[in-house]
Structures are given as structure tokens and as C-alpha cells.
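Each chain is listed here by its residues.
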Amino acid sequence: MNLTSIPALQDNYIWTLNNDQGDCLIVDPGEAAPVLAALNKNRWHPVAILLTHHHYDHVGGVKELLQHYPDLVVYGPQETQDKGSNRLVSEGDKVAILGREFSVISTPGHTLGHISYYSEPYLFCGDTLFSGGCGRLFEGTPQQMFDSFQKINKLPGETLVCCAHEYTLSNLKFAQALLPQDTQIAAYYREIKELRAKNAVSLPVTLAFERQINIFLRTQDTELQRVIGYETPPQQEWQVFATLREKKDHF
């Protein structure tokens, strides 16, 4: 399998996965033009689209792609039914594409119906988990997003996190501001800063590495808790997550 990220819009990535025969799936096509260009250039034949949620920058290209490829199966949660989905899926469903089985994981928080797709080692998690950070809470609650993170965190360490935006640098800047003594975050921030200066892609990244540099996966860290104002551990761990998200919103 070959994994490719197609830059789109301002900072989106549309992911594609293709086999050696040129069949491919497309994840969250926010616009059609760069996808069509990649399909033509590589002589890929799309067989399916996976949608994680209903926001326009993830679904905006679906209808145009369907005009070019009317037989495409478009999988998505209930909230994408009017965005081009023709096969609704939810928690626990299995989707067979390209000879692989994708498990559907309910990951609400960014939106109420947000889902992610996992087929070892690939995780297409939309706007839930970002490298070094997490998605904004437009519809869900901090506790919902925390619970979604716990689901993702149960996946194997070698899982490749394929999120939908290039937010790594800004997320690490926030993490470094909170934990300036964390040498691993500081080193990775410098690495990504150099990478982005060359306009290179910072994704995908392994879940094992995210556990080290993503503060939203480190809510049990007592030093992190202390830095954001908890002298003693809170009764509920999701409260740490909520405080982090609120601070990031105003950073």
C-alpha cells in the first residue's frame, strides 16, 4: 500500500491510499481539483471515499468527484448524509476496501458525529487528534474529546496518525510554552520548524511518538497538571484535558 498526502485549501491534507494496481481510496476531499490532478498524474482509479465529519473543508470536493466517478462508494457518518455520503457508517462497523478492513471508531468532540477509520497501521482521524494537539471543540464537550483520545490511545504504538491539517508547528509552540524544560518537545519543535521552512510535510507520525510529545495524550503527567494550575490531581482526568484545550483556544 502507498500512502500519499495531497495538500489542499489553506492547510488541509487529503489522504489517499493506493495498491500496486492503481486502485485508491480518498479521505476527506475538501476540494476536488488537487485530487483529480493526482488521479490523472498517477493513473489511479478511485474506488471509495472516506469522510470523517461534515465540515466543508473535508467534504467540499465530494460532489465534483462523484460527477467524474459516479460509481464511487462514499462512506461517512450520519452528519455527512447531505454532503455526498451514500453509505452511512458508525461505531463498530467494518468497511472493506482495497482488500483491507477498516474499523469505524466514533470520535466525537470536534463535531458530534465525527468518526475515524483504522486499518493497521493507518488511522484516518480527521480533526480529532493532530500531531502535538487536538481538534477544536465546535460541537462536542471536552469530556467527549478526552474519551475519543482514550479510544485512539488504545491502538498500537506503530499506528500511523493521518490527520487532516498541518498544525504540528503551532501545536508544538503551545506545548513548549507550557513545558519549556521538556527537551523532547523542544527538539521536535526545532525539527518541525526547519521542516516547515522547506514546506515539507510533518505527517504521518506514529502514535508511540505522539504519546511523548502530544500534551493532550499526557493528561496524567503531574508536572503538566501543576503547570496549568492543579496543585493536586483533579478528580476527573478529562478536566486536565478541558483546561489544556481552553488554554490552547486562547494561546
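Rules behind the numbers
Residues numbered from 1 in each chain as written. Predicted model: local features only at pLDDT ≥ 70, side-chain atom pairs only at ≥ 80, totals over all residues. Heavy atoms only, no water. Core = buried A, V, L, I, M, F, W, Y, C linked by side-chain atoms within 4.5 Å. Buried < 20%, exposed > 50% of the residue type's maximum accessible area, 1.4 Å probe, protein only. Contact = heavy atoms within 4.5 Å. Axes fitted to C-alpha atoms, helices over the stretch in contact; angles between N-to-C directions. Helix = DSSP H or I, 4+ residues; strand = E, 2+ residues; numbered from the N terminus. Parallel < 35°, antiparallel > 145°, perpendicular 65-115°, else oblique. Left-handed = near helix turned anticlockwise from the far one by under 90°. 1 Å grid on protein atoms, 1.4 Å probe; cavity = no way out; pocket = protein on both sides within 12 Å on 5 of 7 lines; lining within 4 Å. Points joined across faces, edges and corners; volume = space filled by probe spheres on them. Nonpolar A, V, L, I, M, F, W, Y, C, P; charged D, E, K, R; others polar. Pairing = 2+ DSSP bridges. Phe/Tyr/Trp six-rings, centres within 6.5 Å; stacked < 30°, edge-to-face > 60°.

### Focus on the nonpolar core
Membership of the largest hydrophobic core comes to 56 residues, with the highest contact counts inside it found for Leu50, Tyr75, Ile97, Phe102, Tyr117, Phe124 and Ile215. Once you skip the residues sitting within four places of it in the chain, phenylalanine 102 turns out to touch Leu17, Leu25, Leu50, Asp93, Lys94, Val95, Ile97, Tyr117, Tyr118, Ser119 and Phe124. Counting residues in each nonpolar core, the second largest holds 19 residues, with Ile26, Ala32, Val62 and Leu65 among its members.

### Side note on the packing of helix α5 (residues 168–178) against helix α9 (residues 238–249)
Between α5 and α9, the shortest axis-to-axis distance is 11 Å and the interhelical angle comes to 115°. The angle between α5 and α9 falls in the class roughly perpendicular. As α5 packs across α9, the resulting crossing turns out to be right-handed. When α5 is examined against α9, the residues Ser170, Asn171, Phe174 and Leu178 are found in contact with a partner set consisting of Leu244, Lys247 and Lys248.

### Section: empty space enclosed by the protein
Scanning all chains against the criterion turns up 1 cavity of 30 Å³ or more. Approximately 30 Å³ is the volume found for the largest cavity. What lines the largest cavity is simply Tyr13, Trp15, Val27, Asp28, Phe124, Cys125, Gly126, Cys162, Cys163 and Ala164. Going through the elements one at a time, β2 (12–18), β10 (122–126) and β13 (160–163) are the ones with two or more residues in the lining of the largest cavity. A class-by-class count of the residues in the lining of the largest cavity yields 8 nonpolar, 1 polar and 1 charged.

### Re the sheet that holds β10
Overall, mixed pairing links the 6 strands, which are arranged β7-β8-β9-β10-β13-β14 in an open sheet. Single-partner strands in this sheet number two, and they are β7 (94–97) and β14 (205–206). As paired strands, strand β8 (residues 100–106) and strand β9 (residues 115–119) are joined by 4 bridges and run antiparallel to one another. Bridge pairing links serine 103 to tyrosine 118 in β9.

### What about the pairing of β7?
Taking every second residue as pointing to the same face, the buried face of β7 carries Val95 and Ile97, while none of Lys94 and Ala96 on the other face is buried. As defined by bridge partners, β7 adjoins β8 across 4 bridges and the pair is classed as antiparallel. Counted as the bridge partner of valine 95 is phenylalanine 102 from β8. In sequence, β7 turns back onto β8 through a hairpin of 2 residues, with leucine 98 there showing a positive phi of about 55°.

### Structural notes on the packing of aromatic side chains
Under the definition given, this model contains 9 aromatic pairs. Between tyrosine 122 and phenylalanine 124, the aromatic rings sit 6.5 Å apart at their centres with planes inclined by 10°, giving stacked as the arrangement. Across this residue pair, the class does not change: tyrosine 122 and phenylalanine 124 are buried.

The quantities given are spatial measurements derived from coordinates; they are silent on function.
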